[in-house]
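Here is how the chains run, residue by residue.
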Amino acid sequence: EKLNTTRQIKESYPDLLQNVSVRSVSRYIQKGLDLPSRSAAKKPFLTACHTVNRVNFAKKYINWPLDKVHSILWSDVSTFTVSGTSFGRVCRPKTADRCDPKYTMVTHLDSVIVLGALSYNDNLEDCFDKCKADTF
């Protein structure tokens, strides 16, 4: 079942609702049709499956010696992508070359990959050296 916002309902019937505000449409739906709006329920960050997996992981490594735990390099990689654009359409005269850089746009989104790491030791460079990673 598809859910529509009040604005989408108003835009779906422009002839009928052209002089009616979005708030009036919302009020009529809520009171006149007795269909009160509700926010979607927030799902928990951890599901039951996540919790079980975390407990199993902890049980598996609970008896590791401290020197082995201290030698672990914890790391994570995330990609951050810029969404949206700050530029509009590019209009090109009919007589201009369509490949002229003045009339072309970049169509890919900018993104950056970030690596984060931490360890028990203060010196992460030793850990990166062992795995032949670049530091900067």
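Residues numbered from 1 in each chain as written. Predicted model: local features only at pLDDT ≥ 70, side-chain atom pairs only at ≥ 80, totals over all residues. Heavy atoms only, no water.

### Brief notes about the overall build of the protein chain
A count of helical and extended segments in the protein chain gives six helices and two strands. In the protein chain, the succession of α and β elements from N to C terminus is α-α-α-α-α-β-β-α. For the protein chain, the residues scored as buried account for 7% of the 136 residues in total. Pairs at least 24 apart in sequence give 49% of the contacts found in the protein chain among residues at least 6 apart. Carbon and sulfur atoms make up 55% of the accessible area of the protein chain, which totals about 13,000 Å². (Helix = DSSP H or I, 4+ residues; strand = E, 2+ residues; numbered from the N terminus. Buried < 20%, exposed > 50% of the residue type's maximum accessible area, 1.4 Å probe, protein only. Contact = heavy atoms within 4.5 Å. Areas by Shrake-Rupley, 256 points an atom, 1.4 Å probe, with all protein chains shown as cover.)

### Some remarks on the packing of aromatic side chains
All chains considered together, the criterion is met by two aromatic pairs. Pairing Phe57 with Tyr61 gives two aromatic rings, centres 4.8 Å apart and planes at 55°, and the pair type is tilted. Taken together, the residues span about one helical turn, with Phe57 and Tyr61 both in helix H4 (residues 48-61) at a distance of four residues. Classification of Tyr61 as partly exposed rests on a relative accessible area of 28%. Among the aromatic residues, ring-to-ring pairing joins Phe57, Tyr61 and Trp64 into one connected group. Between the NZ or CZ atom of Lys68 and the centre of the ring of Trp64, over which it lies, the distance is 4.4 Å. (Phe/Tyr/Trp six-rings, centres within 6.5 Å; stacked < 30°, edge-to-face > 60°. Lys NZ or Arg CZ within 6 Å of the ring centre and 35° of its normal.)

### Some remarks on a nonpolar patch on the surface
Taken together, the side chains of Tyr28, Leu33 and Leu35 present a nonpolar region at the surface, about 330 Å² in accessible area. Here Leu35 is to be found in the loop between helix H3 (22-32) and H4. (Patch = residues over 30% accessible without salt bridge, like charges linked within 9 Å, V, L, I, M, F, W, Y side chains within 5 Å. Salt bridge = Lys/Arg side-chain N within 4 Å of Asp/Glu carboxyl O.)

### Regarding H3
Considered for burial, the residues of H3 that qualify are Val25, Ser26 and Ile29. Down the axis of H3, the sector holding all buried residues measures 100°, keeping them to one side. Among the exposed residues of H3, those pointing more than 90 degrees away from its buried face are Tyr28 and Lys31. Residues of H3 that are buried sit in contact with helix H1 (6-12) and helix H2 (14-17). Among the residues trailing H3, Asp34 stands out with phi positive, at a value near 55°. (Arc of directions from axis to C-beta.)

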